[in-house]
Amino acid sequence: MRQIFVQRQWCNLVLVLCFAGVFAGCSNPSDESRQNRRVVDAVLTAVTLKNTKELDRDTVLLDKRLADGLLAERHHKAVKAIIEKAKAGNWREAEDELYSFRESCPFPK
C-alpha cells in the first residue's frame, strides 16, 4: 500500500514539473523587445512607402537601440543590410526580406 502511495507522489511530481516546464516559456515579450518590434515595423513602413527620409530617421533609431544595448548586434546587422538594399533601390526585395525577418524574429532583442 505504501509503495502505491509513493508511486502516486512521484507521478504527481512529474506531472507538475512537466506543466511548469511547458508554461515557463509562455511569457509575454519584454518592453525592450516590443520597442525593437516597433522600430522594425517603422523601417518596414518606410521601405513599403519608399520614403528615404523616414528610412534615415528609422536607421538612427535602430542604431541608438544598438548603442544603448537594447538590440542584439546580429539583429541590427540583419536589418541594416536590408536597409542598404532599399537605399540601393531594391525596395521590393528589401520589403520581402523585412517581412521574412519579422516573421522569423517577431520580437527581436
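Look a little higher up for the structure.
The rules behind each value
- Residues numbered from 1 in each chain as written.
- Predicted model: local features only at pLDDT ≥ 70, side-chain atom pairs only at ≥ 80, totals over all residues.
- Heavy atoms only, no water.
- Phe/Tyr/Trp six-rings, centres within 6.5 Å; stacked < 30°, edge-to-face > 60°.
- Lys NZ or Arg CZ within 6 Å of the ring centre and 35° of its normal.
- Helix = DSSP H or I, 4+ residues; strand = E, 2+ residues; numbered from the N terminus.
- Buried < 20%, exposed > 50% of the residue type's maximum accessible area, 1.4 Å probe, protein only.
- Contact = heavy atoms within 4.5 Å.
- Expected span 1.5 Å × (residues − 1).

Trainee: What exactly am I supposed to notice about the packing of aromatic side chains here?
Mentor: Two descriptors summarise a pair of aromatic rings, namely the distance from one centre to the other and the angle between the planes of the rings. For the coordinates displayed, the defined rule picks out zero aromatic pairs. The ring of Phe107 is capped by Arg37, whose NZ or CZ atom sits 5.6 Å from the centre of that ring.

Trainee: Could you clarify how one ought to interpret unusual backbone geometry in this entry?
Mentor: It is generally the case that most residues other than glycine have a negative phi and that most peptide bonds are trans. With a phi close to 55°, Lys50 is a non-glycine residue in the positive phi region. With respect to the element layout, Lys50 can be found in the loop between α2 (31-49) and α3 (52-67).

Trainee: Looking at this model, I keep getting lost on the environment of Pro29. Mind explaining?
Mentor: Structurally, Pro29 is set in the loop between α1 (2-24) and α2. Overall, Pro29 belongs to the partly exposed group, its relative accessible area being 28%. Considered as a pair, Pro29 and Pro108 are 79 residues apart in the sequence and their alpha carbons are 9.3 Å apart. Sequence-distant contacts of Pro29, that is, excluding residues within four places in its chain, are made with Arg34 and Phe107.

Trainee: Sorry, what's going on with helix α4 (residues 73-87) here?
Mentor: An α-helical segment advances 3.6 residues per turn. Residues three or four places apart therefore align on the same side. In this model, α4 (15 residues) spans 21 Å end to end at C-alpha, consistent with the 21 Å of a helix rising 1.5 Å per residue. Tucked inside the fold, the buried residues of α4 contact α2, α3 and α5 (91-104). Just past α4, the residue Gly89 takes up positive phi, approximately 100°.

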